[in-house]
Amino acid sequence: AAMVQNLLPGLFRNKLQDVLRTVTTPDSHTVLLLDDVTLRVVSNCCRLSELDEVNITMVEKLHAPSKQRAPPALAADLNVVYLLSPIPSSVDALLRDFGDQHSHVFGGFCHALFTRQLVGELHDKLRYVRGLSTLRDGVLIEALALQS
């Protein structure tokens with residue numbers, strides 16, 4: 001059991017990097033927005049330098065005020081990856097960033113990745129959000145990462 005626990009962080013780091021590579025490009029700057037749960041998951045399995053390897057420029061908390069996450073002048077050129085748990089507070093925070101269809105917080109491509117399956121009302125809320133380049137769920141098994 002101890003040997004498996006020692007392997008888990010590396011497995012999750014590799015899975016996370018693989019997932020992020022699908023939505024980032026080497027020639028762009030990308031901010032990774034995390035909720036409280038995904039912050040714990042990412043913190044348990046990788047370092048900032050390992051995120052830099054997959055073109056993540058900044059890591060910020062989803063629930064911080066948008067101006068603290070990225071200065072408005074910088075945010076206009078940033079791509080963003082929301083890596084979130086499929087819970088109401090995280091979905092609502094993501095929707096606030098898209099509140100006005102003509103002035104998204106981030107000006108580049110926006111990708112929403114959820115660690116588990118989005119179900120029911122949470123899926124319906126996000127289904128027709130304009131401006132999302134990617135909406136994908138079930139990308140990580142967070143419970144195992146939290147145990148590692």
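Analysis parameters
- Residues numbered from 1 in each chain as written.
- Predicted model: local features only at pLDDT ≥ 70, side-chain atom pairs only at ≥ 80, totals over all residues.
- Heavy atoms only, no water.
- Salt bridge = Lys/Arg side-chain N within 4 Å of Asp/Glu carboxyl O.
- Helix = DSSP H or I, 4+ residues; strand = E, 2+ residues; numbered from the N terminus.
- Buried < 20%, exposed > 50% of the residue type's maximum accessible area, 1.4 Å probe, protein only.
- Pairing = 2+ DSSP bridges.
- Axes fitted to C-alpha atoms, helices over the stretch in contact; angles between N-to-C directions.
- Contact = heavy atoms within 4.5 Å.
- Core = buried A, V, L, I, M, F, W, Y, C linked by side-chain atoms within 4.5 Å.
- Phe/Tyr/Trp six-rings, centres within 6.5 Å; stacked < 30°, edge-to-face > 60°.

Draft legend 1. Structural view of the pattern of salt bridges. Counting across every chain of the model gives 6 salt bridges. Between K61 and D36 there is a salt bridge whose closest N-O contact spans 3.5 Å. Separated by 25 residues along the polypeptide, K61 in strand β2 (residues 56–61) and D36 in helix α2 (residues 36–45) bring together distant segments of the chain. Classification of K61 as partly exposed rests on a relative accessible area of 41%. We note a salt bridge from D92 to K125, for which the minimum N-O separation is 2.8 Å. In this pair, D92 sits in helix α6 (residues 88–97) while K125 sits in helix α7 (residues 120–127), placing the two residues 33 residues apart along the sequence. A network of salt bridges, in which partner residues are shared, links R13, R47 and E50.

Draft legend 2. Structural detail: the sheet that holds β2. In space, the 5 strands of this open sheet follow the order β2-β1-β3-β4-β5, with parallel pairing throughout. Strands at the two margins of the open sheet, each flanked by one partner only, are β2 and β5 (132–136). Sheet twist, expressed as the mean angle between neighbouring strand axes with direction ignored, is 15°. In terms of strand pairing, strand β1 (residues 30–34) meets strand β3 (residues 79–84) through 5 bridges, oriented parallel. Across the sheet, residue L32 finds its bridge partner in β3, namely V81. α2 rests against β1, β2 and β3 of the sheet, and its axis sits at about 115° to β1.

Draft legend 3. A look at the nonpolar core. Ranked by size, the top nonpolar core spans 23 residues in total, and within it Y82 and F106 carry the most contacts. Secondary structure elements with two or more residues in this core: β1, β3, α6, β4 (110–114) and α7. Discounting residues that sit within four places of it in the chain, Y82 has contacts with L33, L62, L94, D97, F98, F106, H111, A112 and L113. Core analysis: the second largest hydrophobic core is formed by 19 residues, L16, V23, L34 and C46 among them.

Draft legend 4. Seen up close, the packing of aromatic side chains. Tallied over the entire structure, the rule returns 1 aromatic pair. Measuring from centroid to centroid gives 6.3 Å for Y82 and F98, while their planes differ by 45°, and the two rings are tilted. In this pair, Y82 sits in strand β3 while F98 sits in the loop between α6 and β4, placing the two residues 16 residues apart along the sequence. The exposure class assigned to F98 is buried, which follows from its relative accessible area of 4%.

Draft legend 5. Geometry of the environment of V31. You can see V31 is positioned in strand β1. The class of V31 is buried, set by a relative accessible area of 0%. Expressed as a C-alpha distance, the spacing of V31 and I56, which sit 25 residues apart in the sequence, is 5.8 Å. Aside from chain neighbours lying at most four places away, what touches V31 is M58, E60, L78, N79, V80, V81 and F106.

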